[in-house]
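Breakdown of the fold
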Amino acid sequence: MVSTRRQDAGFERIKLNAVILKGRNDDEILDLVDFARAEGLDISFIEEMPLGDVSDHSRGETFYSSDAVQARIETRHALLPSAESSLGPSRYFRMHDSDSRIGFISPHSHNFCSTCNRVRVTVEGRLLLCLGNEHSVDLRHTLRRYPGELEPLKQQIVAAMALKPERHHFTTDGDVQVVRFMNMTGG
Ligand code: SF4
């Protein structure tokens, strides 16, 4: 039988991310935690961000806060705050009887923009400086202009950091802030 255990595949830790939507999958929170515990995985629960225009539901209607997810988990497992970090926005908690970490990524209820160190590169070579804004620079143009040279690219990336916005302006009531869907941005 093929093993799916992370240790057997040589990974030190694997983290799952789950976006919880009220009335859609909030009834699966405890199952997800139990799955992570059984498989020795970490899991982070993420508040939905208003990326892309959706027509099948209003974002206000499906908003489910990290505090609500935490309260649901604590009906079964006590969560102990941890100072651990994976160099990203997750706030971690531990359980006394498991190695799995439970994380919360809370762009609405616990805004973490002030400590954000994230930028992303799209498949078209555009360096996006923020998930919640359109600020970006075109790396493809530089790559094509200076083939094989790293320095111009490096200078452009360093200079772009000055353009990184301070924060997003998301609201939970469904106003679309960014037209770009997450699958255009990349994870
Ligand atoms: S600054 Fe932008 S990318 Fe960073 S956490 Fe805020 S919204 Fe996300």
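Residues numbered from 1 in each chain as written. Predicted model: local features only at pLDDT ≥ 70, side-chain atom pairs only at ≥ 80, totals over all residues. Heavy atoms only, no water.

1. A few points about helix 4 (residues 66-73)
Quick reminder of the rule: Partly exposed residues are those whose accessible area sits between 20% and 50% of the maximum for their type, while under 20% is buried and over 50% is exposed, using a 1.4 Å probe and protein chains only. Put simply, DSSP marks the helices as runs of H or I at least four residues long and the strands as runs of E at least two long, and each gets a number from the N terminus on. By construction, the arc corresponds to the directions joining the helix axis to the C-beta atoms. Note on definitions: a residue-residue contact is assigned when non-hydrogen atoms from the two residues lie within 4.5 Å.
Taken together, the buried positions of helix 4 are occupied by S66, V69, Q70 and I73. For helix 4, the buried positions fall inside an angular range of 100 degrees around the axis, keeping them on one side. In the core, the buried residues of helix 4 are packed alongside helix 2 (29-39), strand 2 (42-46), strand 4 (91-94) and strand 5 (101-105).

2. A few points about the domain arrangement of the protein chain
Cut-off, in case you're wondering: Domains are outlined according to an automatic or database domain assignment. Simply put, the buried area is the total loss of 1.4 Å probe accessible area from both parts when two parts are fitted together. Here, a salt bridge means any side-chain nitrogen of Lys or Arg that lies within 4 Å of a carboxyl oxygen of Asp or Glu. Here a polar contact is recorded for every N or O atom pair within 3.5 Å, except that within protein the pair must consist of a potential hydrogen donor and a potential acceptor, and residues adjacent in sequence are included only if both atoms are side-chain atoms. Polar here means any residue outside two lists: the nonpolar Ala, Val, Leu, Ile, Met, Phe, Trp, Tyr, Cys and Pro, and the charged Asp, Glu, Lys and Arg; Gly therefore counts as polar.
When cut into domains, the protein chain gives domain 1 (11-111) and domain 2 (114-167). When each unit is reduced to the centre of its C-alpha atoms, the spacing between domain 1 and domain 2 is 29 Å. Opposite the seven residues of domain 1 that make contact, domain 2 presents five residues. Interface area for domain 1 against domain 2, summed over the two sides, is near 370 Å², with a carbon-plus-sulfur share of 46%. It is L51, L87 and N111 that lose the most area in domain 1 upon contact with domain 2, and together they represent 69% of the buried surface on that side. Inspection of the domain 1/domain 2 interface yields zero salt bridges. Viewed at the interface, domain 2 and domain 1 are joined by zero residue pairs in polar contact (both at pLDDT 80 or more). Of the residues contributing to the side of domain 1 that touches domain 2, the split by class is four nonpolar, three polar and no charged.

3. What about the packing of aromatic side chains?
Both the distance between ring centres and the angle between the ring planes are used here to describe each pair of aromatic rings. Keep this limit in mind: Any pair of Phe, Tyr and Trp rings, taking the six-membered ring for Trp, is counted once the centres come within 6.5 Å. Such a pair is stacked with planes under 30 degrees apart, edge-to-face with planes over 60 apart, and tilted for the rest. Only lysine NZ and arginine CZ atoms are considered, and such an atom sits over a ring when it is within 6 Å of the ring centre and within 35 degrees of the ring normal.
Under the defined criterion, the tally for this structure stands at two aromatic pairs. Following the ring pairs from residue to residue traces out a cluster consisting of F45, F93 and F104. Above the ring of Y92, the side-chain terminus of R101 is found at 4.6 Å from the ring centroid.

4. Some thoughts on the environment of M184
Checked against the element boundaries, M184 lands in helix 7 (residues 182-185). Put simply, M184 and V123 are 61 residues apart on the chain and 8.3 Å apart in space, counted from C-alpha to C-alpha.

5. Things to note about the sheet that holds strand 8 (residues 136-138)
Applied cut-off: Should DSSP find at least two bridges between two strands, the strands are taken to pair.
The three strands are arranged 6-7-8 in an open sheet whose pairing can be described as antiparallel. On the outer flanks of this sheet lie strand 6 (120-121) and strand 8, each paired with one strand and no other. One ladder, built from three bridges, connects strand 7 (residues 126-128) with strand 8; its direction is antiparallel. If you follow L128 over to strand 8, its bridge partner there is S136.

6. So, the sheet that holds strand 2
Definition in use: In this description, a line fitted to the C-alpha atoms serves as the axis of each element, helices being fitted only across the stretch in contact, and the angle between N-to-C directions of two axes falls anywhere from 0 to 180 degrees.
Within the open sheet, the five strands sit side by side as 1-2-5-4-3. Their pairing is mixed. Unpaired on one side and paired on the other, strand 1 (15-19) and strand 3 (80-81) mark the two borders of the sheet. Here two bridges tie strand 3 to strand 4, and the two strands are oriented antiparallel to one another. Across the sheet, residue P81 finds its bridge partner in strand 4, namely F93. Taken strand by strand, helix 2 contacts strand 1, strand 2 and strand 5, and its axis lies near 155 degrees from that of strand 2. Of the strands in this sheet, strand 2, strand 4 and strand 5 touch helix 4, which is tilted by about 155 degrees from strand 5.

7. Here we look at the site of the ligand
Heads up, the condition is: Consider each residue's heavy atoms; a residue with any of them within 4 Å of a molecule or strand counts as near. Space inside and on the surface of the protein is sampled on a 1 Å grid over the protein atoms alone, with a cavity defined as a set of points where a 1.4 Å probe fits but cannot get out and a pocket as an open set with protein on both sides within 12 Å along at least 5 of 7 lines; lining residues have an atom within 4 Å of a point. Assignment of a molecule to a cavity or pocket requires that more than half of its atoms lie within 2 Å of the corresponding grid points.
Surveying the vicinity of the ligand reveals the residues F112, C113, C116, C130, L131, G132, K164 and H168. When each cavity is represented as a set of grid points, the ligand is found to reside in the largest pocket.

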